[in-house]
Amino acid sequence: MKIKIQNTSKNPLPNYETIASAGMDLRADLNEDVVLKPLERALIPTGLRIELPMGYEAQIRPRSGLAAKHGITVLNSPGTIDADYRGEIKVILVNLSNENFTIKHGERIAQMIISKHETAVFSVVSELSQTQRGEGGFGHTGT
């Protein structure tokens, strides 16, 4: 699949790090470092704009290494970029650790996954079919 992209940063285009990677790393496009204090969040620019085909979305997800080693994650995970959005991709990062974390220009801050989706049409009914599970949820199967 080919996707049109504009890159106004000095960073390389997102790419797959391994042959079986689902996500492409996004990099921070910063003029100066951003320090995230504990429980602080910031909107980090990437300098990228994309044009997705209809029926596709880009999901913005955390990088596991940043989350495990530093407590840095994407706040609205997964973030969604719709096919009709043409603005800059920005990532909402949050620091869930007890220490300050510095984000530098070019640092890999999140990953982007391109995913196909369906458009749903609702059909209002008076009843839904019964299942064995029924209304069970939120841990109903035990721990």
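Residues numbered from 1 in each chain as written. Predicted model: local features only at pLDDT ≥ 70, side-chain atom pairs only at ≥ 80, totals over all residues. Heavy atoms only, no water.

Trainee: Before we go on, may I ask you to explain the sheet that holds strand β11 (residues 108-116) in this structure?
Mentor: Two modes of strand pairing occur in sheets, parallel and antiparallel, and in both the strands are linked by backbone hydrogen bonds. Sheet architecture is open: 4 strands sit in the order β2-β11-β6-β8, paired in antiparallel fashion. Two strands in the sheet have a free side with no partner beyond their single neighbour: β2 (24-27) and β8 (79-81). Going across the sheet, the axis of each strand differs from the next one's by a mean of 35°, ignoring polarity. Of the pairings in the sheet, the one linking strand β6 (residues 56-61) to β11 comprises 6 bridges and is antiparallel in character. Each bridged residue has a counterpart across the sheet, and for Ala58 the counterpart in β11 is Ile114. (Pairing = 2+ DSSP bridges. Helix = DSSP H or I, 4+ residues; strand = E, 2+ residues; numbered from the N terminus. Axes fitted to C-alpha atoms, helices over the stretch in contact; angles between N-to-C directions.)

Trainee: What am I meant to see in the pattern of salt bridges here?
Mentor: Once their charged atoms are close, side chains differing in charge can pair, the charge on each being opposite to the other. A full pass over the atoms with the stated rule returns 5 salt bridges. Salt-bridge contacts for Lys4 lead to Glu51; the nearest nitrogen and oxygen are separated by 3.9 Å. Highlighted residues: Lys4 in strand β1 (residues 4-7) and Glu51 in strand β5 (residues 48-51), separated in sequence by 47 residues. Of the residues examined, Lys4 reaches a relative accessible area of 56% and is grouped as exposed. Residue Glu51 is classed as partly exposed on the basis of its relative accessible area, which comes to 34%. A salt bridge links Lys104 to Asp33; its shortest N-O distance comes to 3.0 Å. One end of the pair, Lys104, is in the loop between β10 (101-103) and β11; the other, Asp33, is in the loop between β2 and β3 (34-36), with 71 residues separating them in the sequence. Look at Lys104 and you get partly exposed, because its relative accessible area is 44%. The class of Asp33 is partly exposed, set by a relative accessible area of 41%. (Salt bridge = Lys/Arg side-chain N within 4 Å of Asp/Glu carboxyl O. Buried < 20%, exposed > 50% of the residue type's maximum accessible area, 1.4 Å probe, protein only.)

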